[in-house]
Amino acid sequence: MGFFLRRRAPRTDLAGLGDTLVAHACETGDVAPAGTTLLVFGANGQARRQLAGKVALAEAERAWCFHPGPYTLTLLPFAAAPEWGLQLKVVVDAANPRVAQQRFDLFLYSEVAQGLALVQLQERLQAALQLALAQGVLELAPCTTLEEWHAFRAGFNQLLYTRFGLTVDDCVPIDLAPQADYAAQLRARAVPVPVPTFNPIAGMPAEAPAHVAAAASAVSAVSAVSAIAASHVRPDAQADARGLRRLFLELPALSSGLRLLEVPAGADAFAAHQALLLRLGMASLNVQSMPTLGWSAPDQALPLVQQQRRIGHTLLSLQALDEGWSLLAQWQRSGNDTSAWRLLHDQADRVCANLETGLAGRRQPYPPEQEDGA
Amino acid sequence: MSGISHPRLPDYAVCRSVLADGRLLTITASRRARGNRADVKCHVAAAPALALRMQQVVRMARLTEALLDSRDQVLLSMDPAPNARERDWELAAVLADRMVRGLYAAAPGAEQALLALGWSDAWHLGRVEGEPLQAQRIAMAHLAPDGVLVLGGQVRSDAGEPDVSGARCSVIGHLGALHGHADLADCVASVRSWFPLYCGGSQDSLAWLEVSVFPLAAGTVPASEEDSIAAPQLDPARLQALRQTLCAARHFDGHGLGRWRTLVRFSQPEFQGNSYELALVMADRMARGREFLPRGRLIATGQSSAWHAGLVEAVDGQQAKLALIARQAGAGDRILLPAGWAAALPAGYVAGLRQRGASLACIERIGMI
């Protein structure tokens, strides 16, 4: 009986799709332009891809419309080398029929609230690249030889596919010189900027305060950690909610990715892998039962300082999650070679420990009392 | 815990500092499983406030690291306790914390003889401050013959100050400088690279050189590229050779000429030969932001008669230099050798370096691939 309802003109502006816009949320009545794909998430989080056309959503369904590309992006692998970049051509591939959930769909569902502009995608890819390089996951050293370049490409392709669901069509190093002028950037730095001050909060872990880490990017040689944090420079309750949503949605997906790996022969490797999956499962359970940010107990508000500490711990867990995806990408490439497996398991142990530390800190309303600062 | 490779970590690390009254202060760091405890625990006999301050310093300095590991607890202790106003021990605490986790390593042989003086109000930004000249005066008395001295602060040796740097002493203005990286907040880009200095004996060492590039004021063009390059430690003949090398390499670069004023400093200027040229050219490219960067140090040896074409040629002393590099390379280091050496590398040399987290390339020409 929709005949009598007033027809609403399509409100969402989808004009930039495929050009400056990668994906955007849609509502009933919008028309997805030709060449794009419509992605509808049911109330249970199951996704289905549809051909472009008019959007009709049932109750509690959400939809995104994305253009598969190709998109051309310029990434800066090192903050201290602004004249040397990578030019990237990425596409969103057709759905892989062998997996239950496409990684790109999960990426949109868990990380994109409304729209994903090309610039935002570029920032995310660059942050992932810089983090991988700073941590030594990928190597892009001075005077890279051809074999090293191929190894980098393979690792980077896998990282983008596992972390974002994007396929790299082409990636070449480029000279950004006439546009990016390092000398001019240095001249601009000569103008003094106020130093951000840092007042440590009692019980705040050294790892946690992301806004401080963001400030550190101005100076330190390793900027990747802070580049991630830079997207939410002043962490607020929203950052906490977004972070927990990501952990809630992505931890099970990460576990199922790890479950599919081929374990090397031997009881040790099998047991270690089981233990890892169990830890991730427990972390996922931990997230699902996470207490609210603003309350220390029912009807007892938590001081703002402690809320900040909790948000810091959420961001810490979030970083562990990102490292978990990068670890999965490495694992998918390394096959079941025993020595590489052992090294990666050591890293997995580290990531799990960070995740557990972050979640435990997020759960507690007040930092635990420790004897003489131990 | 640095990167993918998992080098053996030391059980404990020692870093020393010197108090204003000339007494030696020792900071010892050790690791143990964390087991639900704080990430850093500090102990100073009869000075709990100082222990808290040390914990704060170490935690803030950790914010500049890329890789977080919450599996271990680091215990730090300081002896004797300095008075509350003294702060030069802070750098020693930060270095001890990094050494015990394998993020920084003093040269082999000098692990027990590292002296550090420096402090900072902005450890979370990686800044290090201090009075290098004064600090060196009080610290030299305690420096062992094979020791290494790290001082916080800035040295502008073009400002006529005496240069306190040397083979065993380095001045750092920020923590990244430990690996020769440029300071991302400074308006001067200074990059260090290392080259093997071989003199056929126990004095073999890795020497460093530092290229600092200052942007020219917008619109100015230098009279000649060669005049814009200075190296106050060198005699005129060697300075001329250095200038020609850099100019030719920048010519090869394409966008290098006419934009910078350059200052080159050496850890020890008295040496023979041209094998430092590759290290110089690479440091210059990295300082100007036109090269990918290593995670650790860049160690290079090589020369060329045709830098304007970017070619790299072999140098003498191959076996001794290879042995020296194999001893000194650490996690994240990048080693560049001339292509001619590739055939003569000892068996297992590359694999051995990779095991320790360093990467090696024998290159025919500089630049990408």
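These numbers come from a predicted model, not from an experiment.

**As for the overall build of chain B**
Then step 1. Looking only at helices and strands, one finds 7 helices and 14 strands in chain B.
Then step 2. At 21 Å, chain B has a C-alpha radius of gyration in line with the 21 Å of a compact globule built from 369 residues.
Then step 3. Here the C-alpha coordinates of chain B stretch approximately 65 × 50 × 35 Å along the principal axes.
Then step 4. Put simply, chain B has 369 residues, and 53% of those count as buried.
Then step 5. Taking the intrachain contacts of chain B between residues at least 6 apart in sequence as the baseline, contacts between residues at least 24 apart amount to 71%.

**Considering the domain arrangement of chain B**
Then step 1. In terms of domain boundaries, chain B breaks down into domain 1 (1–179) and domain 2 (231–369).
Then step 2. Measuring from the centre of the C-alpha atoms in domain 1 of chain B to the corresponding centre in domain 2 of chain B gives 29 Å.

**Here we look at the environment of Thr-162 of chain A**
All names here are of chain A.
Then step 1. Checked against the element boundaries, Thr-162 lands in helix α3 (residues 146–164).
Then step 2. Judged by the 21 C-beta atoms lying within 10 Å of it, Thr-162 falls in the buried class.
Then step 3. Separated by 84 residues in sequence, Thr-162 and Arg-246 have C-alpha atoms that sit 15 Å apart.
Then step 4. Sequence-distant contacts of Thr-162, defined by excluding residues within four places in its chain, comprise Arg-103, Trp-325, Leu-328, Ala-329 and Gln-332.

**Looking at the pairing of strand β7 (residues 169–172) of chain B**
All names here are of chain B.
Then step 1. The two faces of β7 match: Cys-169 and Val-171 on one face and Ser-170 and Ile-172 on the other face are all buried.
Then step 2. Both strand β6 (residues 148–152) and β7 contribute to a ladder of 4 bridges, which runs parallel. Looking at the pairing, Leu-149 lines up with Cys-169 of β7.

**As for helix α4 (residues 236–253) of chain B**
Residue and element names in this part refer to chain B.
Then step 1. When the terminal C-alpha atoms of α4 are compared, their 26 Å separation across 18 residues agrees well with the 26 Å that a helix rising 1.5 Å per residue should span.
Then step 2. For α4, every residue scored as buried is listed here: Leu-242, Arg-243, Thr-245, Leu-246, Ala-248, Ala-249, Arg-250, Phe-252 and Asp-253.
Then step 3. Against β10 (229–230), β11 (260–266) and α5 (277–287) lie the buried residues of α4.
Then step 4. Just beyond α4, the residue with positive phi is Gly-254, at close to 100°.

**Notes on the sheet that holds strand β6 (residues 84–91) of chain A**
Residue and element names in this part refer to chain A.
Then step 1. Pairing is antiparallel in the open sheet, where 3 strands are placed in the order β5-β6-β8. Edge positions in the sheet fall to β5 (71–75) and β8 (167–175), since each of these pairs with one other strand and no more. Ignoring which end each strand starts from, the neighbouring axes of this sheet average 20° apart.
Then step 2. Each of β6 and β8 is contacted by α3, which is oriented at about 130° to β8, the strand it contacts most.

**Quick notes on the nonpolar core**
Then step 1. If you look at the biggest cluster of nonpolar residues, it comprises 133 residues, and the most contacted ones within it are Cys-65 of chain A together with Ala-279, Leu-280 and Met-282 of chain B.
Then step 2. Considering every element that reaches this core, the biggest residue donor is helix α9 (residues 304–334) of chain A, with 10 residues.
Then step 3. Counting residues in hydrophobic clusters, the runner-up holds 54 residues, among them Ala-51, Leu-95, Leu-114 and Leu-149 of chain B.

**Brief notes about the sheet that holds strand β3 (residues 47–51) of chain A**
All names here are of chain A.
Then step 1. Strand order in the open sheet made by the 5 strands is β3-β2-β4-β1-β7, with antiparallel pairing throughout. Sheet topology places β3 and β7 (115–117) at the edges, where each strand pairs with a single neighbour. Neighbouring strand axes in the sheet, compared pairwise and without regard to direction, differ in orientation by 20° on average.
Then step 2. Pairing geometry for strand β1 (residues 21–26) and strand β4 (residues 62–66), over 4 bridges, is antiparallel. Residue Cys-26 lies in a different strand from β4, and its bridge partner there is Ala-63.
Then step 3. Taken strand by strand, helix α1 (residues 103–111) contacts β1, β2 (37–41), β3 and β4, and its axis lies near 60° from that of β2.

**Re the environment of Gln-87 of chain A**
Residue and element names in this part refer to chain A.
Then step 1. Along the chain, Gln-87 turns up in strand β6.
Then step 2. C-alpha separation for the pair Gln-87 and Asp-175, spaced 88 residues apart in sequence, amounts to 9.5 Å.
Then step 3. Filtering out sequence-adjacent residues up to four positions away, Gln-87 remains in contact with Thr-72, Thr-74, Val-172 and Ile-174.

**Structural notes on the confidence of the model for chain B**
All names here are of chain B.
Then step 1. Of all residues in chain B, 94% have pLDDT values of 70 or greater, and the mean over the chain is 86.
Then step 2. Highest mean pLDDT in chain B belongs to strand β12 (residues 298–300) (94); lowest belongs to helix α3 (residues 132–139) (82).
Then step 3. If you check the scores for this complex, the pTM reads 0.88 and the ipTM reads 0.90.

**Structural notes on the packing of α4 of chain B against α5 of chain B**
Residues and elements named next belong to chain B.
Then step 1. Running from N to C, α4 and α5 cross one another at 50°; their axes reach a closest spacing of 10 Å. When the interaxial angle is binned, α4 and α5 end up oblique. α4 and α5 meet at a crossing whose hand is right-handed. Two secondary-structure elements touch here, α4 through Leu-242, Thr-245, Leu-246, Ala-249 and Asp-253 and α5 through Glu-277, Leu-280, Val-281, Asp-284 and Arg-285.

**Considerations on unusual backbone geometry**
Then step 1. Residue Pro-80 of chain B is reached from Asp-79 of chain B by a cis peptide bond, and omega for that bond is -5°.
Then step 2. Within the secondary structure, Pro-80 of chain B is located in the loop between β4 (72–79) and α2 (90–100).
Then step 3. For Ala-60 of chain A, which is not glycine, the phi dihedral falls at a positive 65°.
Then step 4. Within the secondary structure, Ala-60 of chain A is located in the loop between β3 and β4.
Then step 5. Given 9 C-beta atoms within 10 Å, Ala-60 of chain A falls into the exposed group.
Then step 6. The backbone of Asp-299 of chain A sits at a positive phi, close to 65°, despite the residue not being glycine.

**Overview of helix α6 (residues 318–328) of chain B**
All names here are of chain B.
Then step 1. Every buried residue belonging to α6 is among Lys-321, Leu-322, Ile-325 and Gln-328, and all of these are buried. Down the axis of α6, the buried side of the element spans an arc of 140°, and every buried residue falls inside it.
Then step 2. Among the structural elements, β8 (189–197), β9 (205–215), β12, β13 (334–338) and α7 (349–355) are those in contact with the buried residues of α6.

**Considerations on the packing of helix α7 (residues 237–259) of chain A against α9 of chain A**
Residues and elements named next belong to chain A.
Then step 1. In the contact formed by α7 and α9, the axes pass within 9 Å of each other and the chain directions differ by 30°. With respect to α9, the axis of α7 lies roughly parallel. Between α7 and α9 the crossing geometry is left-handed. In this structure, α7 uses Ala-239, Asp-240, Gly-243, Leu-244, Arg-246, Leu-247, Glu-250, Leu-251, Leu-254, Gly-257 and Leu-258 to contact α9, whose residues at the interface are Arg-310, Ile-311, Thr-314, Leu-315, Ser-317, Leu-318, Leu-321, Gly-324, Trp-325 and Leu-328.
Then step 2. When its residues are assigned to classes, the contact of α7 with α9 shows 12 nonpolar, 5 polar and 4 charged.

Thresholds, definitions, all that
- Residues numbered from 1 in each chain as written.
- Chains lettered and ligands numbered in written order.
- Predicted model: local features only at pLDDT ≥ 70, side-chain atom pairs only at ≥ 80, totals over all residues.
- Helix = DSSP H or I, 4+ residues; strand = E, 2+ residues; numbered from the N terminus.
- Rg over C-alpha atoms; globule rule 2.2 N^0.38 Å.
- Buried ≥ 20, exposed ≤ 12 C-beta atoms within 10 Å, placed from the backbone.
- Contact = placed C-beta atoms within 7 Å.
- Domains from an automatic or database assignment.
- Pairing = 2+ DSSP bridges.
- Expected span 1.5 Å × (residues − 1).
- Axes fitted to C-alpha atoms, helices over the stretch in contact; angles between N-to-C directions.
- Core = buried A, V, L, I, M, F, W, Y, C linked by C-beta atoms within 7 Å.
- pLDDT = per-residue confidence, 0-100.
- Parallel < 35°, antiparallel > 145°, perpendicular 65-115°, else oblique.
- Left-handed = near helix turned anticlockwise from the far one by under 90°.
- Arc of directions from axis to C-beta.
- Nonpolar A, V, L, I, M, F, W, Y, C, P; charged D, E, K, R; others polar.

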